[in-house]
Amino acid sequence: MPVQDFEQLFQDKIDNEIKIEPKDWMPEAYRKTNIRQISQHAHSEIVGMLPEGNWISRAPSLKRKAILLAKVQDEAGHGLYLYSAAETLGMPREEMINDLHSGKAKYSSIFNYPTLTWADIGAIGWLVDGAAIMNQVMLTRTSYGPYARAMVRICKEESFHQRQGFEILLVLSRGTTAQKAMCQDAINRWWWPALMMFGPKDSESTNSDQSMKWKIKRKTNDELRQNFVDMIAEQIKTLGMKLPDDQLKWNTERKHYDFGEIDWDEFWQVVKGNGPCNKQRLEARRKAWENGEWVREAAAAYARKRADRQKDKAA
Amino acid sequence: MNFIRKFYYGDIPDQKGSDEIKDAKNPLAGGRGAGHDWPLWEVFIRSKQGLDHKHAGSLHAADSQMAIENARDVYTRRMEGVSIWVVESKYIHASSPDEAASLYEPANDKVYRHPTFYDLPDEVNHM
Ligand SMILES: [Fe+2]
Ligand SMILES: [Fe+2]
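Cut-offs used in this document
Residues numbered from 1 in each chain as written. Chains lettered and ligands numbered in written order. Predicted model: local features only at pLDDT ≥ 70, side-chain atom pairs only at ≥ 80, totals over all residues. Heavy atoms only, no water. Donors = N, O, S within 2.8 Å, 3.2 Å for Na, K, Ca; no water. Helix = DSSP H or I, 4+ residues; strand = E, 2+ residues; numbered from the N terminus. pLDDT = per-residue confidence, 0-100. Contact = heavy atoms within 4.5 Å. Tetrahedral: all angles 85-135°; square planar, octahedral: opposite > 155°, others 65-115°. Buried < 20%, exposed > 50% of the residue type's maximum accessible area, 1.4 Å probe, protein only. Lys, Arg positive; Asp, Glu negative; His and termini not counted. Salt bridge = Lys/Arg side-chain N within 4 Å of Asp/Glu carboxyl O. Polar contact = N/O pair within 3.5 Å; in protein donor to acceptor, adjacent residues only side chain to side chain. 1 Å grid on protein atoms, 1.4 Å probe; cavity = no way out; pocket = protein on both sides within 12 Å on 5 of 7 lines; lining within 4 Å. Points joined across faces, edges and corners; volume = space filled by probe spheres on them. Nonpolar A, V, L, I, M, F, W, Y, C, P; charged D, E, K, R; others polar.

Caption draft 1: Structural context of the coordination of the iron ion (ligand 2). Residues and elements named next belong to chain A. For the iron ion (ligand 2), the full set of protein donor atoms is Glu75 (OE), Asp129 (OD), Glu158 (OE), Glu158 (OE) and His161 (ND1), and the range of their distances to it is 2.0 to 2.7 Å. Each donor residue of the iron ion (ligand 2) lies on one chain, and together they are spaced E-x53-D-x28-E-x2-H. Between the iron ion (ligand 2) and the iron ion (ligand 1), both coordinated by Glu75, there is a metal-metal distance of 3.3 Å. With a gap of 54 residues between them, Glu75 in helix H4 (residues 62–87) and Asp129 in helix H6 (residues 118–139) connect regions that are remote in the sequence.

So, in structure tokens, the structure goes:
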């Protein structure tokens, strides 16, 4: 069959909402886009553990510490689901890790911002996980089967992440003057970077919309961002706090919130590696990998020994 | 064709990425100790006594015992399982999607295998 026919069959499947599975024929660019997107997503889960890990030893109570540990452990799990989804496309795990550590692979820029106070852990759960959930709920319907299934699993775990974050802020918002100020300060610092998570405005992209056609993506950046703003603008009322945007206003005609302009210079700077913590994050990942080397070696040696012992027994 | 230039949430295009961080001492340059000698395992989980094991995903581990322990941490953090199977991925043989049509063809024209094929009078119940 000529390639065009394969491509037509492939597109028909997509149009009919039939999932693509690892062994099915797929255009090379579809494979590549999925590998890049899934591995970036995996890296984001893994690097995303770092800003929060910063507060595990300083959580204000044993309860908060246990919750934060469980949350960070979930993020590790999310990274692993996603790495194995990317592997089904023929991308070796080792190569993905190499690409992350060499700086070649990207991850979500949001994790290049520092966590300065305990309230930041609340703001991350509420805003950062909240923004991620918008994207991930959409991706439960993505066209590549293993990616979609990983997303279903992840979304089940995510709602606790957002709720625990909101609850942290809720407690602070009902606390002392200093606690209230800390809560507002964290919201001020995380709001705009959270909005940037959705990527450039739709009008910035003039090129072909292949990801939509292939149903890898099913909503545009602006659609997702608007959904997020509408959700948060309502939820913040419960906190009695303010979003740092004078232009935030309900638009009765659009039935959506209007909001101000994102600082796109900052966005591109952080993407390009010049955010507050880009260097620190990569160094932390590399160091963790280097320090784990003896563990990996010991495990491999132990497995070999056990296999030999079993062979002896059998002989 | 002009593929995938668009910058979507969670998919940063290569050409817009950071300048690669040059690091001569990249510890992974040789791929050493990268876990490449740890095989891939497929994980199957029985969610509840009385149900079948179902494929949950895959992971890397040095041996079967480590695969089971990792599977517990990765796939059953919320009591999702009462039993775990792991099998090295290389031992799984799969039917080819390209041959699906001919492979399942024999079942195609045997409607009489389904109960709805049989027309019985209304007064016959419970059948
Ligand atoms: Fe996650
Ligand atoms: Fe999360």
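Still more to cover.
Caption draft 2: Quick look at the confidence of the model for chain B. Residues and elements named next belong to chain B. A residue-level look at chain B finds 77% of positions with pLDDT of 70 or above and a mean pLDDT of 81. The spread of mean pLDDT over the elements of chain B runs between helix H2 (residues 100–104), the lowest at 89, and strand E3 (residues 83–88), the highest at 97. Across residues 16–34, where pLDDT falls below 50, the model places 34 contacts with residues more than four positions away in sequence or in other chains.

Caption draft 3: Fine view of the coordination of the iron ion (ligand 1). All names here are of chain A. Looking at the iron ion (ligand 1), one finds its protein donor set to be Glu45 (OE), Glu75 (OE), His78 (ND1) and Glu158 (OE), positioned 2.1 to 2.4 Å from the metal centre. Taken together, the four donor atoms coordinating the iron ion (ligand 1) and their angles of 80 to 159 degrees define a geometry best described as irregular. Glu45 sits in the buried class, given a relative accessible area of 7%. The class of Glu158 is buried, set by a relative accessible area of 2%.

Caption draft 4: Examining the side chain of B:Glu42 more closely. Tracing the backbone through its elements, the reader meets B:Glu42 in strand E1 (residues 40–46). No salt bridge is formed by the buried B:Glu42, whose closest oppositely charged neighbour, A:Arg149, lies at an N-O distance of 8.9 Å. In terms of polar contacts, B:Glu42 uses its side chain to reach the side chain of B:His55, at 2.6 Å. Among residues more than four places away in sequence, those in contact with B:Glu42 are B:His55, B:Gly57, B:Ser58, B:Trp85, B:Val86, B:Val87, B:Ser89 and B:Ile92.

Caption draft 5: Structural context of the layout of surface pockets. There is about 1,300 Å³ of room inside the largest pocket. Considering the residues around the largest pocket, the lining is formed by 39 residues, among which A:Arg149, B:Glu42, B:His55, B:Ala56 and B:Gly57 are closest to the centre. Taken together, the elements giving at least two residues each to the lining of the largest pocket come down to H4 and helix H7 (145–173) of chain A together with E1, strand E2 (53–60) and H2 of chain B. With seven residues, the single largest contributor to the lining of the largest pocket is H7(A). One number sums up the size of the second largest pocket: a volume of about 1,000 Å³. When contributions to the lining of the second largest pocket are tallied by element, the ones reaching two or more residues are H4, helix H5 (93–102), helix H12 (278–291) and helix H13 (293–314) of chain A together with E2 and helix H1 (64–75) of chain B. For the lining of the second largest pocket, the class distribution of residues is 17 nonpolar, nine polar and six charged.

Caption draft 6: Up close: the environment of A:Ile110. All names here are of chain A. As for its placement among the helices and strands, Ile110 is situated in the loop between H5 and H6. A sequence separation of 18 residues divides Ile110 from Val128, and the C-alpha atoms of the two residues are 7.7 Å apart. Those residues in contact with Ile110 that lie beyond four places of it in its chain are Val128, Trp190, Pro193, Ala194 and Met197.

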